[in-house]
Amino acid sequence: MTWDPKINTEGSSRSIQDVIDKYNHMSTLRCYLGYTAMTKILEAIQRVCTTDTAALIKALEGHEFDGPKEGKSAFRVSDNQYVQDVLVEEAFGKELGLGYCKILARVQGATVAGTVEENTCTL
């Protein structure tokens, strides 16, 4: 998993509360992904003072930040891949909803994202 509501960080708590305040329901994995993407894009727009696509891509390349997680997240310069920590979880119970998992470990994103060579597409 990339996120779980049991992650106890300031960023996670803030994103959960923002979703509850706006939509009156608990945050989900999809909410986490959308929240993180939009906040990073809006912050990039503020940094470069434009909505120009090329300028925004440049502003995000290599940008490292504290996401709603325990470890650092970043946009890799070589391929603009969003690299984040991954949670190893064990599901339990009959419910399929978010939060019905036990977090077993956190794996650093850089160790699972692969190298530039591994991710290069050649035709």
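Coordinates for the structure precede this section.
One structure accompanies this document, and this report is about it. All residue numbers refer to positions counted from 1 along the written sequence of the respective chain. Predicted model: local features are reported for residues with pLDDT of at least 70 only, side-chain atom pairs are reported and counted for 80 or more only, and whole-chain, interface and lining totals are derived from all residues. The basis for every side-chain value is the complete set of heavy atoms in the structure, and neither hydrogens nor water enter the calculation.

**Thoughts on the pattern of salt bridges**
Reasoning step 1: The salt bridge criterion pairs a side-chain nitrogen of Lys or Arg with a carboxyl oxygen of Asp or Glu, the two atoms within 4 Å. As enumerated under the stated definition, the model contains eight salt bridges in all.
Reasoning step 2: Lysine 40 is paired through a salt bridge with glutamate 43; the nearest N and O atoms lie 2.7 Å apart. Taken together, the residues lysine 40 and glutamate 43, both in helix α2 (residues 29-48) and three residues apart, mark about one turn of the helix.
Reasoning step 3: Residue exposure (1.4 Å probe, protein chains only): buried if accessible area is under 20% of the type maximum, exposed if over 50%, otherwise partly exposed. Since its relative accessible area comes to 31%, glutamate 43 is described here as partly exposed.
Reasoning step 4: In the salt-bridge network here, residues are joined through shared partners; they are Glu70, Asp85 and Arg106. Counting from the N terminus, the helices are the DSSP runs of H or I reaching at least four residues and the strands are the DSSP runs of E reaching at least two.

**A closer look at a nonpolar patch on the surface**
Reasoning step 1: Taken together, the side chains of Met38, Ile41 and Leu42 define a hydrophobic patch exposed on the protein surface, amounting to about 260 Å² of accessible area.
Reasoning step 2: Inspection of the secondary structure assignment puts leucine 42 in helix α2.
Reasoning step 3: Residue classification places leucine 42 among the partly exposed positions, given a relative accessible area of 47%. A patch consists of residues whose relative accessible area exceeds 30% and which take part in no salt bridge; residues with like charges are grouped when within 9 Å of each other, and nonpolar side chains (Val, Leu, Ile, Met, Phe, Trp, Tyr) when within 5 Å. Method for areas: the Shrake-Rupley scheme with a 1.4 Å probe, in which residue coverage is limited to the protein chains shown.

**Points about the pairing of strand β2 (residues 72-75)**
Reasoning step 1: Because side chains alternate across β2, one face comprises the buried residues Ser73 and Phe75, and the other comprises Lys72 and Ala74, none of which is buried.
Reasoning step 2: Connecting strand β1 (residues 64-66) to the antiparallel partner β2 that follows it, the hairpin turn spans five residues.
Reasoning step 3: One ladder, built from two bridges, connects β2 with strand β3 (residues 82-83); its direction is antiparallel. The partner of alanine 74 across the bridge, within β3, is valine 83.
Reasoning step 4: Two strands qualify as a pair provided that DSSP identifies no fewer than 2 bridges between them. In textbook terms, the turn of a hairpin is the stretch between consecutive antiparallel strands, and for β2 and β3 this stretch comprises six residues, one of which, asparagine 80, has a positive phi near 65 degrees.

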